[in-house]
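Examining the three-dimensional arrangement
The residues making up each chain are set out below.
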Amino acid sequence: MTTTSSRPQPATDPTWWRGAVIYQVYPRSFADGNGDGTGDLAGLRARLPYLRDLGVDAIWVTPWYRSPLADGGYDVADYRAIDPAFGTLEEAEALVGEALEHGIRTIVDIVPNHVSEQHAWFRAALAAGPGSPERARFWFRPGKGEHGELMPTQWVSDFQGSTWTRTTDPDGNPGEWYLHLFAPAQPDLNWSHPDVRAEFEDVLRFWLDRGVAGIRIDSAALLIKDDALPEYTEHPGPGEHPHVDRDEIHDVYRAWRALADAYPGTRILVGEVWLADRARFAQYLRPDEMHTAFNFDFMARPWQAKALRESIDMTLAAHGPVGAPATWVLSNHDVTRPVTRYGREDSSFAFARKRFGTPTDLELGHRRARAAALLTAALPGALYVYQGDELGLPEVEDLPLEVLQDPMHFRSLGVDPGRDGCRVPLPWSGSAAPFGFSPPGATRPPWLPQPACWADLTVERQSADPGSMLRLYRELLALRRTEPALGDGSLTWLETPDDVLAFARGDVVCVVNLGDDPADLPPHTDVLLTSGPLVAGRLPRDTAAWLRGPGGPLTPTP
Ligand code: NOJ
């Protein structure tokens, strides 16, 4: 399918990123080219036509670097090498070029807060011992207590549990401790050290030189630590937390922005910034810092008109003053899939609340996820689509315990199911696993087992079904591309009952019914797209529509 666009084509438009549709590829689970049960670059390259036909402007590829995969690749051993499980550097270079031929830009994922315990710097630091220059690149500290047996701080890990691991000295005695905000296999770097800054600027250049269009910055608010390593109070003031959102961090991103701006074309910085304080969040998006950051506030909201509208308003209000476009994200490789989350009584998202056995109405979740797709694609700014959401994949919640890999699961002592359930390899075709994920004659099954019922969710099956989630995504992304009013810009809210959201983007109106009763459609001349059938011309519950507005003045809310 070829789509024409009345907006400038990304290849020539320096503002391409402001309204782009960016598809997140988790390479391990996207497509397996060599039949070893793990997705790879060969698989991704072979499926680029699928992404072109889906209508995305860019892909963000989660870490593909050499890694022991202690945290799915967010434990990088070498930032300039591709992990052999995924392929080679030459294949990555070829991918970037081939994707561009399909009109798709590539964004790579850089992990600056920590490295793998297998990284050369960390191995050297362990070998060099206390007080060495090698250890100064990390956070090694003697323990507290008479024999150094107590951790230097009581900081709690984002993966639960402690943030310090004790080392063993070459003579076999217990030695210093090192800091890891995530798993012990992910030692934190010391961003006060000039080597660290220089190294990452060089890593950025390495990938920008290879033509990538952007950098997704992992754990972007965590890099800087208070050197004194104090304990934190329960409600630290802005910038006062010892390792979250410290003011000095902005110098790092100013330097990165200058570096990216020195390249031809617009190379973007996209931050993974988990911050509740919208004003602090927006500081990362000042004109000389990052281009955009993921909007997790919206992603975590329940399926309720008031909550979603509040998030949309807060988001737009926070982005406006810094001139940055908002982003809209329904999920990613860390959170519960929307089809599952929206099918729950509590449809908000919080890591701390993830549990096995939460009752879920998948049919309800599916209907809402379709409506949410129309809503997010109509909002002003850029749109992120996590692989498999376009197929309406649910979270896989009954993976056998012995196949689970996520440290979040293990570090919660088995209470948190972890993130493997949203990382199950995609179903492409056929009626039995591996559903075309691996080629015929594959030597190993997919690294996580796919449910048998995914036979109904394959790309092949959904391509042939006009009512499928995939066909909906293809239609809505094609329309989004041809409607000049969509993408970057602003919105005008329309007057509606409390449970209905409706807004105009130029002459396109998006309306979503989150209430129980059918709702009247706002004035319109045409129905462009709906997430489900209208009933007697009205919008049923959990359904969204895109309409052609009447052209004349609409009735905005105050
Ligand atoms: C955020 C990533 O999205 C997640 O997958 C990872 O575990 C942490 N950062 C640590 O790198």
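Residues numbered from 1 in each chain as written. Predicted model: local features only at pLDDT ≥ 70, side-chain atom pairs only at ≥ 80, totals over all residues. Heavy atoms only, no water.

Observations regarding the overall build of the protein chain
This is how it is decided: Each helix corresponds to a stretch of at least 4 residues labelled H or I by DSSP, and each strand to a stretch of at least 2 residues labelled E; elements are numbered beginning at the N terminus. All radius of gyration figures rest on C-alpha atoms, and the globule criterion is 2.2 Å times the number of residues raised to 0.38. Relative accessibility decides the category of a residue: with a 1.4 Å probe and only protein chains considered, values under 20% of the type maximum give buried, values over 50% give exposed, and everything between is partly exposed. Any two residues whose heavy atoms approach within 4.5 Å are treated as being in contact. A 1.4 Å probe and the Shrake-Rupley method give the accessible areas. Residues count as covered only by the protein chains that appear here.
Secondary structure summary: the protein chain contains 14 helices and 18 strands in total. For a compact globule of 558 residues, the expected C-alpha radius of gyration is about 24 Å, and the protein chain comes in at 24 Å, within 12% of that figure. Taking the principal axes of its C-alpha atoms as reference, the protein chain extends roughly 80 × 55 × 50 Å. For the protein chain, the proportion of its 558 residues judged to be buried stands at 59%. Contacts in the protein chain between residues far apart in sequence, at least 24 positions, make up 69% of those at least 6 positions apart. Entry remark: accessible area of the protein chain is about 20900 Å², with carbon and sulfur atoms responsible for 54%.

Some thoughts on the side chain of His 114
Using the following cut-off: What qualifies as a polar contact is a pair of N or O atoms within 3.5 Å, subject to a donor-acceptor requirement within protein and to the restriction that residues adjacent in sequence count only when both atoms come from side chains.
For His 114, the location among the structural elements is in the loop between strand S5 (105-110) and helix H4 (120-128). Judged by its relative accessible area of 1%, His 114 is buried. Within the structure, the side chain of His 114 is placed 3.2 Å from the backbone oxygen of Tyr 74, a separation counted as a polar contact. When near neighbours in sequence (up to four residues on either side) are disregarded, His 114 contacts Tyr 74, Tyr 79, Phe 182, Gln 186, Pro 187, Asp 188, Leu 189, Asp 218 and Ser 219.

Notes on the domain arrangement of the protein chain
Under the convention used in this document: Boundaries of every domain are those given by an automatic assignment or by a domain database.
You can read the domains of the protein chain as domain 1 (4-113 + 194-387 + 417-425 + 469-473), domain 2 (120-179) and domain 3 (491-558). Its C-alpha centre places domain 2 at a distance of 57 Å from the equivalent point of domain 3.

Looking at the pairing of strand S16 (residues 508-513)
This is how it is decided: Only when DSSP finds a minimum of two bridges between them are two strands counted as paired.
Among the six residues that make up S16, six are buried, leaving the element largely enclosed by the rest of the structure. A two-sided burial pattern is seen for S16, the buried positions comprising Val 508, Cys 510 and Val 512 on one face and Val 509, Val 511 and Asn 513 on the other. In this structure, strand S15 (residues 500-505) lies alongside S16, joined through six bridges in antiparallel fashion. The residue bridging Ala 504 from the neighbouring strand is Val 509, located in S16. Between the antiparallel neighbours S15 and S16 lie two residues, among them Gly 506 with a positive phi of about 60 degrees.

Observations concerning the sheet that holds strand S7 (residues 164-168)
Read across the open sheet, the three strands follow the order S6-S8-S7; overall the sheet is antiparallel. Bordering the open sheet on either side are strand S6 (140-141) and S7, each of which pairs with just one other strand. Two strands pair when backbone bridges link them, and S7 and strand S8 (residues 174-179) are joined in this way by four bridges, in the antiparallel orientation. Pairing of Trp 164 across the sheet is with Leu 179, part of S8.

Things to note about H4
Along an α-helix, residues three or four positions apart point the same way, because every turn accommodates 3.6 residues. Definition in use: What the arc measures is the spread of directions leading from the helix axis to the C-beta atoms.
Listing the buried residues of H4 in full gives Trp 121, Phe 122 and Ala 125. Down the axis of H4, the buried side of the element spans an arc of 95 degrees, and every buried residue falls inside it. Opposite the packed face of H4, turned more than 90 degrees from it, sit the exposed residues Ala 120 and Ala 127. The inward-facing, buried residues of H4 abut S6, S8 and helix H5 (194-208). Phi turns positive one or two residues past the end of H4, at Gly 129, with a value near 90 degrees.

A look at H5
Applied cut-off: By definition here, a helix of n residues has an expected span of 1.5 Å times n minus one.
The end-to-end C-alpha distance of H5, which contains 15 residues, comes to 21 Å, matching closely the 21 Å that a straight helix rising 1.5 Å per residue would cover. Every buried residue belonging to H5 is among Val 196, Glu 199, Phe 200, Val 203, Leu 204, Phe 206, Trp 207 and Leu 208, and all of these are buried.

A look at the nonpolar core
Grouped burial of nonpolar side chains is what soluble globular proteins tend to show. The test is simple: We call a set of buried residues a nonpolar core when its members are Ala, Val, Leu, Ile, Met, Phe, Trp, Tyr or Cys and they connect through side-chain atoms within 4.5 Å of each other.
Judged by nonpolar contacts, the single largest core of 149 residues is most densely connected at Tyr 23, Trp 64 and Trp 207. One finds Trp 139, Leu 181, Ala 183 and Leu 222 within the second-largest nonpolar core, a separate group that totals 12 residues.

Side note on the packing of H5 against helix H6 (residues 249-261)
Our working definition: Lines fitted to C-alpha atoms define the axes, with helix axes restricted to the stretch in contact, and inter-axis angles between N-to-C directions lie between 0 and 180 degrees. Roughly parallel covers angles under 35 degrees, roughly antiparallel covers those over 145, roughly perpendicular covers 65 to 115, and oblique covers all other angles. When the near helix sits turned anticlockwise from the far one by under a right angle, the crossing is termed left-handed; a clockwise turn instead gives a right-handed crossing. By the convention adopted, Pro, Cys, Tyr, Trp, Phe, Met, Ile, Leu, Val and Ala count as nonpolar, Lys, Arg, Asp and Glu as charged, and the other residues, Gly among them, as polar.
With their axes 11 Å apart at the nearest point, H5 and H6 run at an angle of 30 degrees to one another. In terms of orientation, H5 lies roughly parallel with respect to H6. The interaxial crossing formed by H5 with H6 has right-handed handedness. Between H5, through Arg 197, Phe 200, Glu 201, Leu 204, Arg 205 and Leu 208, and H6, the contact on the second element is made entirely by Asp 251, Val 252, Ala 255, Trp 256, Leu 259 and Ala 260. Taken together, the residues of the contact of H5 with H6 break down into eight nonpolar, no polar and four charged.

Digging into the packing of aromatic side chains
For any pair of aromatic rings, the description consists of the separation of the ring centres together with the inter-plane angle of the planes. Basically, it comes down to this: Pairing of aromatic side chains here covers Phe, Tyr and the six-membered ring of Trp, requires ring centres within 6.5 Å, and sorts the geometry by plane angle: under 30 degrees stacked, over 60 edge-to-face, intermediate tilted. Ring-over charges, as used throughout, are those where CZ of Arg or NZ of Lys falls within 6 Å of the ring centre and within 35 degrees of the ring normal.
Within the structure shown, the criterion is met by 28 aromatic pairs. Considering the side-chain rings of Phe 30 and Trp 428, the 5.2 Å spacing of their centres and the 85 degrees angle between planes classify their relative orientation as edge-to-face. One end of the pair, Phe 30, is in the loop between strand S1 (21-25) and helix H1 (41-46); the other, Trp 428, is in the loop between helix H12 (407-411) and helix H13 (459-463), with 398 residues separating them in the sequence. There is no split in this pair, since Phe 30 and Trp 428 are both buried. Members of the aromatic cluster, each reached through a chain of ring pairs, are Trp 64, Tyr 65, Tyr 79, Trp 191, Phe 200, Phe 206, Trp 207, Tyr 253, Trp 256 and Tyr 284. Between the NZ or CZ atom of Arg 28 and the centre of the ring of Trp 447, over which it lies, the distance is 3.7 Å. Directly above the ring of Trp 121 sits Arg 137, whose terminal nitrogen or CZ lies 4.2 Å from the centroid.

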